[in-house]
Amino acid sequence: MNTPASRSSVITGIGVIAPNGSSTGAFWKQTQEGVSVLDRVSREGCENLPLRVAGEVRDFDPVTAVEERYLVQTDRFTHYAMAAADLALDDARLGRADYEGEPFKVGVVTAAGSGGGEFGQRELQRLWGQGSKFVGPYQSIAWFYAASTGQISIRGGFKGPCAVVASDEAGGLDAVMHAARSIRRGTDAVVVGAAEAPLAPYSVVCQLGYEDLSLCDEPTRAYRPFTADACGFVPAEGGAMLVVEDEAKARERGAMVRAELAGHAATFTGASRWEQSREGLAHAIEGALREAGCAPEEIDVVFADALGVPAADRAEALAIADALGAHGRRVPVTAPKTGIGRAYCGAPVLDTAAAVLAMEHGLIPPTPNVFEVCHDLDVVTGRARPAELRTALVLSRGLMGSNSALVLRRPTDTQL
């Protein structure tokens, strides 16, 4: 009998909208090849701001991806999330026919770091420039952190447990395990993930308060974690959505099981206290390993948080060594986000997608723009590294002090 305690959560669908591709296939092709798409910021109104380099989503047309009635109600960050959710559902082959009679068995969880800044700025400009009668009715909802969860739920007819996780950038991982715990409590499937759109004038000005933001104007040098040249992180747009299901239900309907969500843990160590984040992140890793029933030496690859701030990078390298012991100095570490930028809550979900694809293809993607590593880590650089990958560890930290770790396992078989 499949009791709640025995329900295993698995990933059956992946959808990606990222600076290096508006599909999972395009994202993985560029990721495995180590292509960097970081470039000068070109968003209207951002040209003269101190932020010079970012990861922009350039090949995405919201008009073709989202219906007009939803388009006018939502910000760019929700457009990305809705499109990625469609891709994930298609990938999982989960359609309305699968849940039409039981819409309460499917939920939605997203994480958000800043909400709909572009939409909000536009409406506030109308308020101050033209008056309150010119402010649209959707201003009250489009900027809100929960907008993506709400619109995906409404659009898909999902009436199960819905939530938005606001736990800093690490919220992307926390949302994934929030979904897994909903599965344990009886939900059959959850559409989960995060997408961000931080490249609008108001949003960028807010980010300029982060001392960890890279203001370097050279795309190839702006984001180089784990090196002596590290000068901060580069922000990015986009993100990823996943379909997480109860394994028994997924197999019953013939879905392909892509990975198991084996274990997760989270801690909090305070804003920009990077030295303390060593202990906090190590505790999160250890907790995730315990929940997964996984020994440190079983970890085959680490997808690092890779902030690009010397103190934070040093703390992460030491945390990996603290939690994994001697294996922490041998296990391959990668940070493909250095080629696309750090999409806040979307970043660790993109890393989760990359980790699943890496296990499927037996290939560890490289860390773009990183060459001479100055920490005691085996960082994969230059080109992808072939490897037999059964278990992956994904790490994330937020600028406000959240730490999160997720253990993924490759299934022994993908289908019955």
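Residues numbered from 1 in each chain as written. Predicted model: local features only at pLDDT ≥ 70, side-chain atom pairs only at ≥ 80, totals over all residues. Heavy atoms only, no water.

(A) Highlighting the nonpolar core. F27, V192, L261 and L408 are the most contacted members of the largest nonpolar core, which totals 49 residues. In terms of residue count, the dominant contributor to this core is helix α14 (residues 346-361) (9 residues). Those residues in contact with L408, other than ones at most four positions away along the chain, are I11, E260, L261, T352, A355, V356, M359, R390, T391, A392 and V394. In this structure, A284, A292, A317 and A405 belong to the second largest nonpolar core, which totals 48 residues. (Core = buried A, V, L, I, M, F, W, Y, C linked by side-chain atoms within 4.5 Å. Buried < 20%, exposed > 50% of the residue type's maximum accessible area, 1.4 Å probe, protein only. Helix = DSSP H or I, 4+ residues; strand = E, 2+ residues; numbered from the N terminus. Contact = heavy atoms within 4.5 Å.)

(B) Spatial organisation of a nonpolar patch on the surface. The grouping of W143, F144, Y145 and V164 at the surface amounts to a nonpolar patch, some 350 Å² of accessible area in total. Of note, V164 is situated in strand β5 (residues 162-165). Using a relative accessible area of 34% as the deciding quantity, one classes V164 as partly exposed. (Patch = residues over 30% accessible without salt bridge, like charges linked within 9 Å, V, L, I, M, F, W, Y side chains within 5 Å. Areas by Shrake-Rupley, 256 points an atom, 1.4 Å probe, with all protein chains shown as cover. Salt bridge = Lys/Arg side-chain N within 4 Å of Asp/Glu carboxyl O.)

(C) The arrangement of the state of the cysteines in detail. Throughout the structure, instances matching the rule amount to 0 disulfides. Just so you know, C374 is unpaired, no disulfide at all, and the nearest cysteine sulfur is the one on C231, 13 Å from it. (Disulfide = S-S within 2.5 Å.)

(D) Structural detail: unusual backbone geometry. Residues other than glycine seldom take positive phi values, yet D168 does so here, at roughly 75°. Position of D168 relative to the elements: it lies in the loop between β5 and α9 (171-184). Even without glycine at this site, S272 takes up a positive phi of about 55°. With respect to the helices and strands, S272 occurs in the loop between β8 (259-268) and α12 (274-292).

(E) Representation of the pattern of salt bridges within the structure. This structure, assessed with the given rule, holds 26 salt bridges. Here R224 ties to D229 by a salt bridge, and the two come within 3.4 Å at their closest N and O atoms. Two residues, K337 and D351, come together in a salt bridge whose shortest N-O distance is 2.6 Å. With K337 in the loop between β10 (332-334) and α14 and D351 in helix α14, this residue pair connects regions lying 14 residues apart in the sequence.

(F) Up close: the pairing of strand β1 (residues 9-17). Of all 9 residues in β1, 9 are buried, a share of seventy percent or more. Bridging between β1 and β8 involves 2 bridges; their strand directions are antiparallel. From the neighbouring strand, V10 faces β8, where its bridge partner is E260. (Pairing = 2+ DSSP bridges.)

(G) The arrangement of the sheet that holds strand β7 (residues 238-246) in detail. Taken in spatial order, the 11 strands make up an open sheet running β5-β4-β6-β7-β1-β8-β15-β14-β9-β10-β12, and their pairing is mixed. This sheet does not close on itself; its edge strands, each paired only once, are β5 and β12 (378-379). The pairing of strand β9 (residues 301-303) with β10 spans 2 bridges and is classified as parallel. Looking across to β10, one finds that V302 is bridged to V333.

(H) Summary view of the packing of aromatic side chains. In this structure the tally under the stated criterion is 7 aromatic pairs. Relative to Y344, the ring of Y210 lies with its centre 6.5 Å away and its plane at 50°, an arrangement referred to as tilted. With Y210 in the loop between α10 (201-207) and β7 and Y344 in the loop between β10 and α14, this pair connects stretches of sequence that are 134 residues apart. Of the residues examined, Y210 reaches a relative accessible area of 31% and is grouped as partly exposed. Judged by its relative accessible area of 9%, Y344 falls in the buried class. (Phe/Tyr/Trp six-rings, centres within 6.5 Å; stacked < 30°, edge-to-face > 60°.)

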